[in-house]
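Understanding the architecture of this molecule
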Amino acid sequence: TGSKNVGDQVNYEITGIDPGAGLMKATEKAMKDYGLKNDWTLKEGSSAAMTAELKKAYEKKEPIIVTGWTPHWMFSKYDLKYLKDPKGSFGKGESIHTLTRKGFKQENPGANKILDQFFWKSSDMEDVMVKVQDGAKPEDAAEDWVKSHKKQVAKWTKGAPKGNGKQVSLVYVAWESEIASTNVIAKALEQEGYKVKLQQVEAGPMFAGVAGGSADAMVAAWLPTTHKDYYDKYKGKFEDLGPNLKGTKLGLTVPKYMDIDSIEDLKK
Ligand SMILES: C[SH](C)CC(=O)O
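Reference entry: report on the structure contained in this document.

Thresholds, definitions, all that
Residues numbered from 1 in each chain as written. Predicted model: local features only at pLDDT ≥ 70, side-chain atom pairs only at ≥ 80, totals over all residues. Heavy atoms only, no water. Pairing = 2+ DSSP bridges. Helix = DSSP H or I, 4+ residues; strand = E, 2+ residues; numbered from the N terminus. Near = heavy atom within 4 Å. Polar contact = N/O pair within 3.5 Å; in protein donor to acceptor, adjacent residues only side chain to side chain. Areas by Shrake-Rupley, 256 points an atom, 1.4 Å probe, with all protein chains shown as cover. Nonpolar A, V, L, I, M, F, W, Y, C, P; charged D, E, K, R; others polar. Buried < 20%, exposed > 50% of the residue type's maximum accessible area, 1.4 Å probe, protein only. Contact = heavy atoms within 4.5 Å.

Re the pairing of strand E9 (residues 238-255)
One ladder, built from five bridges, connects strand E3 (residues 66-70) with E9; its direction is antiparallel. In the sheet register, threonine 70 faces E9, and the bridge partner there is lysine 249. With three bridges connecting them, strand E4 (residues 80-82) and E9 associate as antiparallel partners. Counterpart to tyrosine 82 in the pairing with E9 is threonine 253. Sheet analysis places strand E5 (residues 94-101) next to E9, joined by seven bridges and oriented antiparallel. Along E9, the bridge assignment pairs serine 95 with lysine 246.

What about the site of the ligand?
Close to the ligand lie Ile17, Ala21, Gly22, Leu23, Trp69, Trp175, Ser177, Glu178, Trp222, Thr226 and His227. Between the ligand and glycine 22 there is a distance of 2.7 Å, counted from an oxygen atom to a backbone nitrogen or oxygen. Between the ligand and the protein, one listed contact pairs an oxygen atom with a backbone N or O atom of leucine 23 at 2.8 Å. Burial of the ligand by the surrounding chains reaches 100%, relative to a free accessible area of 260 Å². For the shell around the ligand, a count of residues per class yields six nonpolar, four polar and one charged.

Details of the side chain of lysine 81
Mapped onto the fold, lysine 81 is located in strand E4. Under the relative-accessibility criterion, lysine 81 is labelled buried at 17%. At 2.9 Å, the side chain of lysine 81 forms a polar contact with the backbone oxygen of isoleucine 260. A distance of 3.2 Å separates the side chain of lysine 81 from the side chain of aspartate 261, its partner in a polar contact. Beyond its immediate sequence surroundings of up to four residues, lysine 81 is in contact with Leu252, Thr253, Val254, Pro255, Lys256, Met258, Ile260 and Asp261.

Here you go:
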């Protein structure tokens, strides 16, 4: 839009999220890889603040560049595109893994089995995310999803003993995707009689909580690239139960009305 170059249009600012997010590290890497560091700044904030700015700009068809990821409701709500990343700074498609603290499997085999069997698709997660974005409380959107996907949830709970009020503590970060997944698996556990405590923390404390044993589990580890630093830092101090969702994506994201297509186009 307009003849001014895109940098001038967005005063050389990329709207990011919380500083602990791996997406922010990946964006810093991309800014280095594409020679943007001298002119561009990556604005820190939160996922909620980023989506609020995206909404504001989009409704006025103004230019904006955000740090985006899939699954996310933003792609079903707005007509957006990822900027091409020819240097591969954002890595390849990833999965979201479930991690538990050491000893959890022995102490709570039933809940561990349910967490181990938890697996769903991007479209499932986006269903819940859109409902929350449209105003539903996360626990209500999660309850609706669990109630309307009995067959799928039965695969998660197959072979697991009832909880009889046994406690499970889950930690997560306030990314829309993890608000959805953590509330859904919590509802599935509660349906089986487990008592679930949810704790929203920053990314670093989330990994530290599971590795240190103050939390039982998380369903929010973006691997192998996005959370590599956290994963390596605590290697050996947690159990990796593998993916609960496959085929995620990260990158710089812009409304389709902007006439740029690649991160290369941001170079001054
Ligand atoms: C924002 S993605 C859900 C995760 C991350 O970037 O750390």
